[in-house]
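# Residue-level structural notes
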Amino acid sequence: LLQEIMHGVFLHHGRHLLTNRYMARSTILHRSLILGLETSCDDTGACVMDLSGKVLGESLSTQLSSRMGGIIPTIAMTFHAQRVEGVVSDCLARAGVMVEDLTAIAVTNRPGLKGPLVVGTDYAKYLCMKHQLPMIPVHHMEAHALTARLVTPVQFPFLVLLISGGHCLLALATGLDQYSLLGTGIDDSPGEALDKCARRLGLHNLPGMRDMSGGRAVELTAAKAKGRVEFPVPMRQYRDCRFSFAGVKATINDYARREEKKLQLDPDKVLPDVEDVCAGLQHIITKHLCERVQRGVEFLEYKGVEGISTLVVSGGVASNMYVRQGLSTVAEHFGMEAVYPPPRLCTDNGVMIAWNGVERWREGMGVVRWQDVLGVQVESRCPLGENIHAEVERAAIKCKWIKL
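Fair warning: this is a prediction, and the values are worked out from it, not measured in the lab.

### A closer look at helix H2 (residues 73-95)
- Over its 23 residues, H2 runs 31 Å from end to end, which matches the ideal 33 Å to within 8%, given 1.5 Å per residue.
- Taken as a whole, H2 carries its principal kink of about 45° at Arg83.
- All of the buried residues along H2 are Ala76, Phe79, His80, Val84, Val87, Val88, Cys91, Leu92 and Ala95.
- Gly96, located one to two residues past H2, shows a positive phi value of around 75°.

### With respect to the packing of helix H6 (residues 190-200) against helix H8 (residues 246-263)
- As a packed pair, H6 and H8 sit with axes 9 Å apart at the nearest point and diverge in direction by 10°. The orientation of H6 relative to H8 falls into the category roughly parallel. Residues Glu192, Ala193, Lys196, Cys197 and Arg200 of H6 touch H8, and the partners they reach there are Val248, Lys249, Ile252, Asn253, Ala256, Arg257 and Glu260.
- Within the contact of H6 with H8, the residues separate by chemical class into five nonpolar, one polar and six charged.

### Observations regarding the pattern of salt bridges
- Scanning the model with the defined rule gives 19 salt bridges in all.
- Here Glu259 ties to Lys262 by a salt bridge, and the two come within 3.3 Å at their closest N and O atoms. Placement of both Glu259 and Lys262 in helix H8 is noted, with a separation of three residues, approximately one turn of the helix.
- For Glu259, a relative accessible area of 12% gives the class buried.
- Between Glu291 and Lys287 there is a salt bridge; the shortest N-O distance is 4.0 Å. Here Lys287 and Glu291 lie together in helix H9 (residues 274-302), a separation of four residues that amounts to about one turn.
- On the accessibility criterion, Glu291 (1% relative accessible area) is buried.
- For Lys287, a relative accessible area of 10% gives the class buried.

### Description of the side chain of Asp101
- Among the structural elements, Asp101 can be located in the loop between H2 and strand S4 (104-110).
- Here Asp101 falls in the buried class, since its relative accessible area comes to 13%.

### Focus: the sheet that holds S4
- One open sheet holds the five strands; their spatial order is S3-S2-S1-S4-S5, and the pairing between them is mixed. Both outer strands of the open sheet, strand S3 (55-62) and strand S5 (135-139), are each paired with one neighbouring strand and no more. On average, adjacent strands in this sheet sit at an angle of 20° to one another, irrespective of strand direction.
- Inspection of the sheet shows S4 paired to S5 by five bridges, in the parallel sense. Paired with Ile105 across the two strands is Met135, which belongs to S5.

### What about the sheet that holds strand S6 (residues 158-163)?
- Read across the sheet, six strands follow the order S10-S9-S6-S7-S8-S11 without closing on themselves; strand pairing throughout is mixed. At either margin of the open sheet sits one strand with a lone partner, and together these are strand S10 (337-339) and strand S11 (386-387).
- Two strands pair when backbone bridges link them, and S6 and strand S9 (residues 310-314) are joined in this way by four bridges, in the parallel orientation. What sits directly across from Leu161, in S9, is Val313.

### Quick notes on H8
- Between its first and last C-alpha, H8 extends 26 Å over 18 residues, near the 26 Å set by a 1.5 Å rise per residue.
- All buried positions along H8 are accounted for by Val248, Ile252, Tyr255, Ala256 and Glu259. Seen end-on, H8 carries its buried residues on one side only, within an arc spanning 95°. Exposed residues on H8 whose side chains face more than 90 degrees from its buried face are Arg257, Arg258 and Lys261.
- The secondary structure elements touched by the buried residues of H8 are H6 and H9.
- Just downstream of H8, Gln264 is the residue with a positive phi angle, here 55°.

### Examining empty space enclosed by the protein
- Applying the stated rule across the entire model yields one cavity of 30 Å³ or more.
- Its boundaries defined by the atoms lining it, the largest cavity holds a volume of some 40 Å³.
- Around the largest cavity sit Leu194, Val218, Gln282, Ile285, Thr286, Asn320 and Val323, which together line it.
- When residues of the lining of the largest cavity are assigned to their parent elements, the largest contribution, three residues, is made by H9.
- When the residues that make up the lining of the largest cavity are grouped by side-chain class, the tally is four nonpolar, three polar and no charged.

Conventions we followed
- Residues numbered from 1 in each chain as written.
- Predicted model: local features only at pLDDT ≥ 70, side-chain atom pairs only at ≥ 80, totals over all residues.
- Heavy atoms only, no water.
- Helix = DSSP H or I, 4+ residues; strand = E, 2+ residues; numbered from the N terminus.
- Expected span 1.5 Å × (residues − 1).
- Bend = angle between axes of the 7 residues up to and from the residue.
- Buried < 20%, exposed > 50% of the residue type's maximum accessible area, 1.4 Å probe, protein only.
- Axes fitted to C-alpha atoms, helices over the stretch in contact; angles between N-to-C directions.
- Parallel < 35°, antiparallel > 145°, perpendicular 65-115°, else oblique.
- Contact = heavy atoms within 4.5 Å.
- Nonpolar A, V, L, I, M, F, W, Y, C, P; charged D, E, K, R; others polar.
- Salt bridge = Lys/Arg side-chain N within 4 Å of Asp/Glu carboxyl O.
- Pairing = 2+ DSSP bridges.
- Arc of directions from axis to C-beta.
- 1 Å grid on protein atoms, 1.4 Å probe; cavity = no way out; pocket = protein on both sides within 12 Å on 5 of 7 lines; lining within 4 Å.
- Points joined across faces, edges and corners; volume = space filled by probe spheres on them.

Given below as C-alpha coordinates:
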(Lines give C-alpha, C1' and ligand atoms only; values in the text may rest on other atoms or scores of the structure.)
Protein backbone atom coordinates (compact mmCIF):
# COMPACT_ATOMS: atom_id res chain seq x y z
CA LEU A 1 0.00 0.00 0.00
CA LEU A 2 2.84 2.39 0.90
CA GLN A 3 4.53 1.66 -2.43
CA GLU A 4 1.29 2.40 -4.31
CA ILE A 5 0.85 5.70 -2.43
CA MET A 6 4.47 6.78 -3.08
CA HIS A 7 4.12 5.78 -6.73
CA GLY A 8 1.01 7.96 -7.03
CA VAL A 9 2.73 10.92 -5.34
CA PHE A 10 5.73 10.55 -7.66
CA LEU A 11 3.52 10.51 -10.75
CA HIS A 12 1.59 13.56 -9.54
CA HIS A 13 4.70 15.62 -8.76
CA GLY A 14 6.53 14.32 -11.83
CA ARG A 15 3.74 15.46 -14.12
CA HIS A 16 3.60 18.78 -12.28
CA LEU A 17 7.38 19.26 -12.69
CA LEU A 18 7.28 18.37 -16.39
CA THR A 19 4.33 20.71 -16.92
CA ASN A 20 6.21 23.58 -15.24
CA ARG A 21 9.30 22.97 -17.36
CA TYR A 22 7.20 22.83 -20.53
CA MET A 23 5.42 26.07 -19.63
CA ALA A 24 8.75 27.78 -18.83
CA ARG A 25 10.21 26.77 -22.18
CA SER A 26 7.05 27.64 -24.09
CA THR A 27 7.17 31.20 -22.72
CA ILE A 28 10.68 31.49 -24.20
CA LEU A 29 9.97 29.73 -27.46
CA HIS A 30 7.13 31.96 -28.61
CA ARG A 31 9.82 34.59 -29.18
CA SER A 32 12.37 34.69 -31.99
CA LEU A 33 15.85 33.93 -30.62
CA ILE A 34 19.18 34.84 -32.22
CA LEU A 35 22.48 33.18 -31.30
CA GLY A 36 25.49 35.46 -31.77
CA LEU A 37 28.97 33.96 -32.18
CA GLU A 38 32.24 35.93 -32.08
CA THR A 39 35.72 34.50 -32.87
CA SER A 40 37.46 37.23 -34.88
CA CYS A 41 40.50 37.67 -32.63
CA ASP A 42 41.30 36.18 -29.21
CA ASP A 43 37.87 36.16 -27.54
CA THR A 44 35.40 33.30 -28.00
CA GLY A 45 31.97 34.75 -27.26
CA ALA A 46 28.36 33.60 -27.62
CA CYS A 47 25.01 35.13 -26.71
CA VAL A 48 21.33 34.23 -27.04
CA MET A 49 19.11 37.30 -27.48
CA ASP A 50 15.45 37.83 -28.28
CA LEU A 51 14.17 40.42 -30.77
CA SER A 52 13.63 43.01 -28.03
CA GLY A 53 17.36 42.98 -27.32
CA LYS A 54 17.06 41.10 -24.04
CA VAL A 55 20.07 38.91 -23.30
CA LEU A 56 18.87 35.47 -22.22
CA GLY A 57 22.31 33.96 -21.81
CA GLU A 58 25.91 34.70 -22.71
CA SER A 59 29.34 33.14 -22.35
CA LEU A 60 32.87 34.40 -23.01
CA SER A 61 36.30 32.79 -22.97
CA THR A 62 39.39 35.00 -23.32
CA GLN A 63 42.98 34.02 -24.01
CA LEU A 64 45.77 35.33 -21.80
CA SER A 65 47.59 36.82 -24.79
CA SER A 66 49.74 39.09 -22.64
CA ARG A 67 51.80 36.09 -21.50
CA MET A 68 52.83 35.50 -25.12
CA GLY A 69 53.62 39.16 -25.76
CA GLY A 70 50.47 39.59 -27.84
CA ILE A 71 48.11 37.62 -30.04
CA ILE A 72 49.64 34.80 -32.10
CA PRO A 73 47.15 33.91 -34.89
CA THR A 74 47.85 30.15 -34.98
CA ILE A 75 47.55 29.82 -31.20
CA ALA A 76 44.39 31.94 -31.26
CA MET A 77 42.89 29.64 -33.91
CA THR A 78 43.66 26.54 -31.83
CA PHE A 79 42.18 28.20 -28.74
CA HIS A 80 38.91 28.93 -30.58
CA ALA A 81 38.73 25.39 -31.98
CA GLN A 82 39.07 23.99 -28.45
CA ARG A 83 36.59 26.37 -26.83
CA VAL A 84 33.87 27.29 -29.32
CA GLU A 85 31.61 24.27 -28.75
CA GLY A 86 31.84 24.58 -24.96
CA VAL A 87 31.19 28.33 -25.04
CA VAL A 88 28.07 27.88 -27.19
CA SER A 89 26.81 25.01 -25.01
CA ASP A 90 27.34 27.07 -21.86
CA CYS A 91 25.54 30.03 -23.43
CA LEU A 92 22.54 27.91 -24.43
CA ALA A 93 22.40 26.35 -20.95
CA ARG A 94 22.39 29.80 -19.31
CA ALA A 95 19.57 30.86 -21.64
CA GLY A 96 17.61 27.68 -20.92
CA VAL A 97 17.18 26.80 -24.60
CA MET A 98 18.50 24.30 -27.13
CA VAL A 99 19.83 24.84 -30.64
CA GLU A 100 16.51 23.63 -32.04
CA ASP A 101 14.79 26.56 -30.30
CA LEU A 102 16.83 29.21 -32.17
CA THR A 103 15.50 31.29 -35.04
CA ALA A 104 18.85 32.17 -36.66
CA ILE A 105 22.60 32.25 -36.00
CA ALA A 106 24.62 35.44 -36.39
CA VAL A 107 28.38 35.02 -36.74
CA THR A 108 31.36 37.28 -37.38
CA ASN A 109 32.79 36.47 -40.81
CA ARG A 110 34.68 39.73 -41.49
CA PRO A 111 37.16 41.35 -40.81
CA GLY A 112 39.67 39.79 -38.40
CA LEU A 113 42.29 37.07 -38.14
CA LYS A 114 41.52 34.54 -40.85
CA GLY A 115 42.09 31.38 -38.81
CA PRO A 116 39.84 32.39 -35.90
CA LEU A 117 37.18 33.64 -38.32
CA VAL A 118 37.18 30.29 -40.11
CA VAL A 119 36.71 28.40 -36.83
CA GLY A 120 33.67 30.43 -35.79
CA THR A 121 32.08 30.59 -39.24
CA ASP A 122 32.55 26.86 -39.89
CA TYR A 123 30.98 25.97 -36.53
CA ALA A 124 28.04 28.26 -37.31
CA LYS A 125 27.65 26.57 -40.72
CA TYR A 126 27.60 23.18 -39.01
CA LEU A 127 24.83 24.26 -36.62
CA CYS A 128 22.83 25.96 -39.39
CA MET A 129 22.91 22.90 -41.66
CA LYS A 130 22.26 20.39 -38.90
CA HIS A 131 19.26 22.28 -37.51
CA GLN A 132 18.16 24.03 -40.73
CA LEU A 133 18.66 27.55 -39.36
CA PRO A 134 19.37 30.67 -41.43
CA MET A 135 22.72 32.44 -40.96
CA ILE A 136 23.36 36.16 -40.53
CA PRO A 137 26.99 37.00 -41.46
CA VAL A 138 28.15 40.00 -39.41
CA HIS A 139 30.75 42.69 -40.06
CA HIS A 140 32.79 42.93 -36.86
CA MET A 141 33.17 46.72 -37.01
CA GLU A 142 29.48 47.31 -37.74
CA ALA A 143 28.69 45.19 -34.67
CA HIS A 144 30.89 47.48 -32.55
CA ALA A 145 29.27 50.55 -34.12
CA LEU A 146 25.73 49.41 -33.32
CA THR A 147 26.35 48.10 -29.80
CA ALA A 148 25.48 51.50 -28.31
CA ARG A 149 21.96 51.17 -29.77
CA LEU A 150 21.41 48.14 -27.52
CA VAL A 151 21.75 50.20 -24.33
CA THR A 152 20.91 53.76 -25.53
CA PRO A 153 18.24 54.91 -28.03
CA VAL A 154 20.73 56.22 -30.60
CA GLN A 155 19.04 57.17 -33.86
CA PHE A 156 20.58 57.36 -37.33
CA PRO A 157 22.47 59.36 -38.47
CA PHE A 158 25.34 59.47 -35.98
CA LEU A 159 29.13 59.82 -36.01
CA VAL A 160 31.00 56.72 -34.89
CA LEU A 161 34.61 56.28 -33.77
CA LEU A 162 35.80 52.67 -33.54
CA ILE A 163 39.07 52.24 -31.66
CA SER A 164 40.42 48.80 -30.80
CA GLY A 165 43.44 46.55 -30.94
CA GLY A 166 42.93 45.81 -34.62
CA HIS A 167 41.08 48.78 -36.07
CA CYS A 168 40.69 52.54 -35.99
CA LEU A 169 38.12 54.39 -38.07
CA LEU A 170 35.81 57.40 -38.07
CA ALA A 171 32.56 57.11 -40.00
CA LEU A 172 29.16 58.67 -40.52
CA ALA A 173 26.46 56.03 -39.96
CA THR A 174 23.19 56.76 -41.77
CA GLY A 175 21.63 53.30 -41.52
CA LEU A 176 22.33 49.58 -41.49
CA ASP A 177 24.99 48.91 -44.13
CA GLN A 178 25.22 52.66 -44.79
CA TYR A 179 28.53 54.13 -43.66
CA SER A 180 30.73 56.92 -45.02
CA LEU A 181 34.34 56.48 -43.91
CA LEU A 182 35.90 59.84 -43.08
CA GLY A 183 39.20 58.31 -42.04
CA THR A 184 40.87 55.01 -41.18
CA GLY A 185 44.18 53.92 -39.69
CA ILE A 186 47.11 53.89 -42.11
CA ASP A 187 49.33 51.67 -39.98
CA ASP A 188 48.96 50.49 -36.37
CA SER A 189 45.78 50.67 -34.31
CA PRO A 190 45.63 52.53 -30.96
CA GLY A 191 45.18 49.28 -29.05
CA GLU A 192 48.23 47.74 -30.69
CA ALA A 193 50.29 50.86 -29.90
CA LEU A 194 49.25 50.73 -26.25
CA ASP A 195 50.02 47.01 -25.98
CA LYS A 196 53.46 47.28 -27.56
CA CYS A 197 54.41 50.43 -25.66
CA ALA A 198 53.38 48.69 -22.41
CA ARG A 199 55.60 45.76 -23.30
CA ARG A 200 58.49 48.08 -24.21
CA LEU A 201 58.16 49.91 -20.89
CA GLY A 202 58.07 46.62 -18.97
CA LEU A 203 54.72 47.32 -17.32
CA HIS A 204 53.98 43.60 -16.97
CA ASN A 205 56.90 43.41 -14.53
CA LEU A 206 54.98 45.66 -12.14
CA PRO A 207 52.94 44.07 -9.31
CA GLY A 208 49.48 42.92 -10.34
CA MET A 209 49.93 43.56 -14.06
CA ARG A 210 51.23 40.20 -15.26
CA ASP A 211 48.06 39.13 -17.09
CA MET A 212 46.64 42.60 -17.73
CA SER A 213 46.15 44.00 -21.24
CA GLY A 214 48.69 46.63 -22.25
CA GLY A 215 46.07 49.34 -22.58
CA ARG A 216 44.72 48.72 -19.09
CA ALA A 217 48.26 48.61 -17.65
CA VAL A 218 49.06 51.99 -19.25
CA GLU A 219 45.83 53.50 -17.88
CA LEU A 220 46.43 52.30 -14.31
CA THR A 221 50.09 53.33 -14.35
CA ALA A 222 49.25 56.77 -15.77
CA ALA A 223 46.70 57.29 -12.98
CA LYS A 224 49.61 57.38 -10.49
CA ALA A 225 51.53 60.08 -12.39
CA LYS A 226 52.41 63.39 -10.75
CA GLY A 227 53.25 64.97 -14.11
CA ARG A 228 53.40 64.14 -17.80
CA VAL A 229 56.22 63.65 -20.30
CA GLU A 230 55.37 65.70 -23.38
CA PHE A 231 55.45 63.82 -26.69
CA PRO A 232 54.54 65.11 -30.19
CA VAL A 233 50.99 64.50 -31.48
CA PRO A 234 51.00 62.48 -34.75
CA MET A 235 49.95 63.71 -38.21
CA ARG A 236 49.14 67.31 -37.37
CA GLN A 237 50.53 68.39 -40.74
CA TYR A 238 47.91 66.34 -42.61
CA ARG A 239 44.50 68.01 -42.89
CA ASP A 240 42.43 64.85 -43.05
CA CYS A 241 40.89 62.29 -40.69
CA ARG A 242 43.33 59.40 -41.07
CA PHE A 243 44.97 57.89 -38.01
CA SER A 244 48.55 56.77 -37.39
CA PHE A 245 50.07 55.23 -34.27
CA ALA A 246 53.32 53.71 -35.59
CA GLY A 247 55.11 56.95 -34.76
CA VAL A 248 53.81 56.77 -31.19
CA LYS A 249 55.55 53.40 -30.71
CA ALA A 250 58.77 54.80 -32.19
CA THR A 251 58.61 57.87 -29.94
CA ILE A 252 58.19 55.79 -26.77
CA ASN A 253 60.91 53.36 -27.84
CA ASP A 254 63.37 56.21 -28.52
CA TYR A 255 62.60 57.84 -25.17
CA ALA A 256 62.95 54.56 -23.25
CA ARG A 257 66.21 53.62 -24.97
CA ARG A 258 67.67 57.07 -24.30
CA GLU A 259 66.69 57.05 -20.63
CA GLU A 260 67.84 53.46 -20.07
CA LYS A 261 71.24 54.27 -21.52
CA LYS A 262 71.56 57.45 -19.46
CA LEU A 263 70.52 55.74 -16.22
CA GLN A 264 72.28 52.43 -17.05
CA LEU A 265 69.20 50.41 -16.11
CA ASP A 266 69.15 46.60 -16.05
CA PRO A 267 66.95 45.03 -18.78
CA ASP A 268 64.24 43.94 -16.30
CA LYS A 269 63.95 47.33 -14.60
CA VAL A 270 61.32 49.94 -15.44
CA LEU A 271 62.01 53.65 -15.86
CA PRO A 272 61.83 55.69 -12.64
CA ASP A 273 59.38 58.08 -14.35
CA VAL A 274 57.29 55.33 -15.97
CA GLU A 275 54.06 56.81 -14.55
CA ASP A 276 54.73 60.16 -16.24
CA VAL A 277 55.71 58.40 -19.47
CA CYS A 278 52.43 56.47 -19.47
CA ALA A 279 50.52 59.67 -18.80
CA GLY A 280 52.25 61.29 -21.80
CA LEU A 281 51.59 58.24 -23.99
CA GLN A 282 47.91 58.15 -23.03
CA HIS A 283 47.60 61.88 -23.67
CA ILE A 284 49.02 61.90 -27.20
CA ILE A 285 46.84 58.95 -28.23
CA THR A 286 43.79 60.73 -26.83
CA LYS A 287 44.80 64.03 -28.40
CA HIS A 288 45.32 62.43 -31.81
CA LEU A 289 41.89 60.78 -31.66
CA CYS A 290 40.22 64.01 -30.54
CA GLU A 291 41.83 66.09 -33.29
CA ARG A 292 40.69 63.68 -36.01
CA VAL A 293 37.15 63.62 -34.60
CA GLN A 294 37.13 67.43 -34.44
CA ARG A 295 38.11 67.70 -38.10
CA GLY A 296 35.50 65.09 -39.00
CA VAL A 297 32.73 67.10 -37.32
CA GLU A 298 33.92 70.33 -38.94
CA PHE A 299 34.03 68.59 -42.34
CA LEU A 300 30.41 67.46 -41.98
CA GLU A 301 29.42 71.02 -41.03
CA TYR A 302 31.34 72.29 -44.06
CA LYS A 303 29.40 69.85 -46.28
CA GLY A 304 26.08 70.94 -44.77
CA VAL A 305 25.27 67.59 -43.19
CA GLU A 306 22.59 68.12 -40.53
CA GLY A 307 21.05 66.09 -37.75
CA ILE A 308 24.29 64.70 -36.28
CA SER A 309 23.75 64.96 -32.54
CA THR A 310 25.53 61.83 -31.28
CA LEU A 311 29.12 60.59 -31.23
CA VAL A 312 29.28 56.84 -30.60
CA VAL A 313 32.65 55.53 -29.40
CA SER A 314 33.22 51.79 -29.24
CA GLY A 315 35.99 49.18 -29.35
CA GLY A 316 38.40 48.03 -26.66
CA VAL A 317 40.25 51.36 -26.35
CA ALA A 318 36.90 53.06 -25.60
CA SER A 319 37.14 51.41 -22.16
CA ASN A 320 39.92 53.87 -21.27
CA MET A 321 38.41 56.59 -19.08
CA TYR A 322 41.00 59.23 -20.03
CA VAL A 323 40.19 58.68 -23.71
CA ARG A 324 36.47 58.94 -22.92
CA GLN A 325 36.98 62.20 -21.07
CA GLY A 326 38.83 63.75 -24.00
CA LEU A 327 36.29 62.65 -26.61
CA SER A 328 33.41 63.81 -24.41
CA THR A 329 35.03 67.26 -24.28
CA VAL A 330 35.11 67.40 -28.08
CA ALA A 331 31.51 66.20 -28.39
CA GLU A 332 30.32 68.75 -25.82
CA HIS A 333 32.09 71.54 -27.74
CA PHE A 334 29.92 70.78 -30.78
CA GLY A 335 26.71 70.28 -28.78
CA MET A 336 26.79 66.51 -29.33
CA GLU A 337 26.22 63.69 -26.91
CA ALA A 338 29.07 61.19 -26.55
CA VAL A 339 27.73 57.65 -26.10
CA TYR A 340 29.85 54.72 -24.94
CA PRO A 341 28.74 51.11 -24.48
CA PRO A 342 29.44 49.67 -21.01
CA PRO A 343 33.16 48.75 -20.75
CA ARG A 344 32.40 45.01 -20.86
CA LEU A 345 30.67 45.51 -24.24
CA CYS A 346 33.49 47.64 -25.67
CA THR A 347 35.77 44.63 -26.04
CA ASP A 348 34.87 41.68 -28.32
CA ASN A 349 31.87 39.66 -27.14
CA GLY A 350 28.95 37.61 -28.37
CA VAL A 351 26.36 40.18 -27.27
CA MET A 352 27.30 42.69 -29.96
CA ILE A 353 27.12 40.00 -32.67
CA ALA A 354 23.71 38.82 -31.48
CA TRP A 355 22.47 42.43 -31.42
CA ASN A 356 23.69 43.05 -34.98
CA GLY A 357 21.91 39.84 -35.95
CA VAL A 358 18.72 41.10 -34.29
CA GLU A 359 18.88 44.43 -36.15
CA ARG A 360 19.45 42.67 -39.47
CA TRP A 361 16.75 40.06 -38.81
CA ARG A 362 14.22 42.80 -38.10
CA GLU A 363 15.03 44.49 -41.42
CA GLY A 364 15.45 41.25 -43.37
CA MET A 365 18.97 42.29 -44.40
CA GLY A 366 21.84 39.90 -45.09
CA VAL A 367 20.02 36.73 -44.00
CA VAL A 368 21.36 33.57 -45.70
CA ARG A 369 19.17 30.46 -46.10
CA TRP A 370 20.51 27.33 -44.41
CA GLN A 371 20.82 25.67 -47.83
CA ASP A 372 23.27 28.41 -48.90
CA VAL A 373 25.48 28.80 -45.82
CA LEU A 374 28.41 26.87 -47.34
CA GLY A 375 28.83 29.79 -49.74
CA VAL A 376 29.52 32.25 -46.89
CA GLN A 377 33.21 33.20 -46.98
CA VAL A 378 35.44 34.82 -44.37
CA GLU A 379 37.25 38.06 -45.17
CA SER A 380 40.27 39.06 -43.11
CA ARG A 381 40.12 42.57 -44.59
CA CYS A 382 36.83 44.26 -45.33
CA PRO A 383 36.22 48.05 -45.28
CA LEU A 384 33.10 49.40 -43.58
CA GLY A 385 31.05 51.36 -46.12
CA GLU A 386 32.19 53.96 -48.68
CA ASN A 387 35.57 55.62 -48.18
CA ILE A 388 35.30 59.43 -48.64
CA HIS A 389 38.80 60.22 -47.35
CA ALA A 390 39.65 61.96 -50.64
CA GLU A 391 36.83 64.47 -50.08
CA VAL A 392 38.04 65.22 -46.57
CA GLU A 393 41.59 65.68 -47.85
CA ARG A 394 40.46 68.05 -50.63
CA ALA A 395 38.52 70.16 -48.12
CA ALA A 396 41.81 70.66 -46.18
CA ILE A 397 40.01 72.11 -43.17
CA LYS A 398 42.25 74.03 -40.79
CA CYS A 399 41.18 73.53 -37.19
CA LYS A 400 41.69 75.51 -34.03
CA TRP A 401 42.27 72.65 -31.64
CA ILE A 402 39.96 72.21 -28.69
CA LYS A 403 41.83 72.28 -25.39
CA LEU A 404 41.56 69.06 -23.42
